Amino acid sequence: MRKVLNTLWLVILTLALTVPCVAFAQEVDVEVPVLKSVEFNNARLVGEFSPSQFDYEIELDESGETPTLKSYSVTDGANMIFTDSFSSNSRGINIEVKMNNVSSNYFFAYIYPDSIAVDETNNYLKEISCELGEVYPKLNEKETTYSLYIPSDMTELKISAVAQSVGASCEVPGIITLNAEQSPSVKVTVKAADGTVRVYTFNIKRLEKTCAQVEQEMQSEDFTSLVEGELFHQKPEFKIILVSVIVGIVIILIAVKMLKRFAVKVFDEDEVEFFSFDENINEDDSAQ
C-alpha cells in the first residue's frame with residue numbers, strides 16, 4: 001500500500017512540474033516576423049531573395065543615388081525599419097522587421113559598378129523614417145526644418161535617415177528616450193563625400209492618437225498619411241471659418257462704402273461762408 005501511495009505521489013509531482021512548463025512554453029511561442037519580398041530603386045538584387053536568408057548584395061546603378069525601397073511585403077501586422085548602414089568596412093541597407101518586440105534583420109551590401117557617378121558635393125537628405133512617425137511636409141531641397149509627428153504616448157524614438165548621394169553619410173541620434181510630455185527637436189546631419197555638411201532639424205509634435213491607434217491605421221490597405229488632412233488648417237472646420245471671416249470682411253467693407261454714400265452730410269457744400277476774404281481788396285489797399 002505504501003508503494004502505491006509513493007507511486008501516486010510521484011505521478012502527481014511529475015504532472016505538477018511538467019504541465020505548467022508546457023503551458024508556459026505555449027504562451028511564449030510567438031511568430032518571428034520576416035521580410036517576404038523586396039525591390040529597390042537605383043539598385044538590383046544579386047541572386048534570389050528568400051525570407052530565411054539575411055545577407056545579400058545589391059548592385060548600384062550608374063546614377064550614384066542611394067537605393068530606396070521600391071516595393072516590399074512583410075509578415076502581417078509587422079513594422080519595417082529601413083536604415084542606411086555606413087561604416088569604414090562596408091556600406092549597405094539594413095531592414096528590420098519587427099512585431100511584438102521580436103525582429104528579423106536583413107542586410108544588403110552595396111556593389112559599386114566601375115562607371116558609377118558619385119556627386120561628392122551632394123549633402124541632401126533623401127529619406128527619414130521613424131517607427132509610427134511621419135515627417136511633414138515632405139523632404140525637399142529648399143527646407144531644412146520640418147515637423148516629425150508621433151503618437152501621443154510614444155516614449156521611444158528610433159530614427160533612420162538616407163542621404164541622396166551614395167557617397168554621403170547620415171548622422172542620426174539613434175534611439176531617443178522621452179516621456180509623454182516631451183516634444184524635443186532632433187538634429188540629422190548629412191555629410192557629403194567632400195566633407196561639407198547640411199544639418200536638418202525635426203521638431204517633434206504629438207498626434208491626437210495613441211501608438212495602438214497609429215499602428216492599426218498604418219496597417220489599413222487604404223492608408224496614405226497620418227498627417228495629411230489631420231492638421232487643423234487642412235480640416236473642413238478651418239475652411240469654413242476662413243470662408244466666414246473673408247465673407248464677413250467683404251460685408252463690412254460694402255457696408256462702410258454704402259454708409260459713406262448715403263449718410264447725412266453735416267454741412268451744405270453750396271452754403272457761403274460767413275467770413276470771406278477777398279485777396280484783391282487787400283492788394284488795392286496796400287497799393288494806396
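Engineer: What is the right way to read the nonpolar core from this model?
Structural biologist: In globular proteins that are soluble, nonpolar side chains generally tend to be buried together. Ranked by internal contacts, the top residues of the largest apolar core, which has 28 residues, are Leu 125, Leu 148, Leu 157 and Phe 202. Within the residue set of this core, elements represented by two or more residues are strand E8 (125–130), strand E10 (145–150), strand E11 (156–163), strand E14 (185–191), strand E15 (197–206) and helix H2 (211–218). Ignoring anything within four residues of it in the chain, the contact list for Leu 125 reads Leu 139, Ala 161, Val 162, Ala 163, Gln 164, Cys 170, Val 188, Val 190, Tyr 200 and Phe 202. Membership of the second largest hydrophobic core comes to 24 residues, among which are Val 38, Leu 45, Phe 49 and Val 74.

Engineer: What's the story with the pattern of salt bridges in this structure? I'm lost.
Structural biologist: Two side chains with opposite charge may pair up if their charged atoms get near one another. Under the defined criterion, the tally for this structure stands at four salt bridges. Across the pair Glu 59 and Arg 44 runs a salt bridge whose closest N-O atoms are separated by 2.6 Å. With Glu 59 in strand E3 (residues 55–60) and Arg 44 in strand E2 (residues 43–46), this pair connects stretches of sequence that are 15 residues apart. Here Glu 217 makes a salt bridge to Lys 209, at a shortest N to O gap of 2.9 Å. Take Glu 217: its relative accessible area is 26%, and that puts it in the partly exposed class. Overall, the relative accessible area of 14% leaves Lys 209 in the buried class.

Engineer: Just to check I follow, could you spell out unusual backbone geometry for this structure?
Structural biologist: Negative phi values dominate among residues other than glycine, just as trans dominates among peptide bonds. Cis geometry is found at the peptide bond from Tyr 136 to Pro 137, where omega equals -5°. By the secondary structure assignment, Pro 137 is in the loop between strand E9 (134–136) and E10. Phi at Asn 100 is positive, roughly 55°, even though this residue is not glycine. Of note, Asn 100 is situated in the loop between strand E6 (91–99) and strand E7 (102–111). In this model, Leu 132 sits at a positive phi of 65°, which is unusual for a non-glycine residue. Residue position: Leu 132 is located in the loop between E8 and E9.

Engineer: Before we go on, may I ask you to explain the sheet that holds E14 in this structure?
Structural biologist: To summarise the sheet geometry, strands pair through backbone hydrogen bonds and adopt either a parallel or an antiparallel arrangement. If you walk across this open sheet you meet the five strands as E9-E10-E15-E14-E12, and the pairing is mixed. Each of the sheet's edge strands pairs with one partner strand only, and the pair in question is E9 and strand E12 (169–171). Averaged over all neighbouring strand pairs, the angle between strand axes comes to 30°, with direction disregarded. In terms of strand pairing, E10 meets E15 through six bridges, oriented parallel. Bridge pairing in E15 links Leu 148 to Ile 204.

Engineer: Could you clarify how one ought to interpret the sheet that holds E6 in this entry?
Structural biologist: Ordered by their spatial adjacency, five strands build an open sheet running E2-E3-E7-E6-E5, and the pairing between neighbours is mixed. Because the sheet does not close on itself, it has two edges, and the strands there are E2 and strand E5 (79–86). Going across the sheet, the axis of each strand differs from the next one's by a mean of 30°, ignoring polarity. For E3 and E7, the ladder comprises five bridges, and the chain directions are parallel. In the sheet register, Asp 55 faces E7, and the bridge partner there is Phe 107.

Engineer: Would you mind going over the pairing of E2 with me for this structure?
Structural biologist: Consecutive side chains of a regular strand alternate in pointing toward one face of the sheet and then the other. Residue alternation in E2 divides its side chains into a buried set, Ala 43 and Leu 45, and an unburied set, Arg 44 and Val 46. The sheet contact formed by E2 and E3 spans four bridges and is antiparallel. Bridging across to E3, Leu 45 finds its partner in Ile 58.

The rules behind each value
- Residue positions within a chain follow its written sequence, with the count starting from 1.
- Two thresholds apply to this predicted model, a pLDDT of at least 70 for residue-level local features and 80 or more for giving and counting side-chain atom pairs, whereas whole-chain, interface and lining totals are computed over all residues.
- With hydrogens and water excluded, all non-hydrogen atoms of the structure serve as input to the side-chain values.
- Buried Ala, Val, Leu, Ile, Met, Phe, Trp, Tyr and Cys residues form a nonpolar core when they are joined through side-chain atoms within 4.5 Å.
- Think of it in three bands: with a 1.4 Å probe and only protein chains considered, a residue is buried below 20% of the maximum accessible area for its type, exposed above 50%, and partly exposed in between.
- Labels follow the DSSP assignment, with helices taken as runs of H or I lasting at least four residues and strands as runs of E lasting at least two, numbered in each case from the N terminus.
- Whether two residues are in contact is decided by their heavy atoms, any of which lying within 4.5 Å being enough.
- Salt bridges are defined by distance alone: a side-chain nitrogen of Lys or Arg within 4 Å of a carboxyl oxygen of Asp or Glu.
- Each pair of strands is called paired provided DSSP finds at least two bridges between the two strands.
- Each axis is a line fitted through C-alpha atoms, taken for helices only over the stretch in contact, and angles between the N-to-C directions span 0 to 180 degrees.

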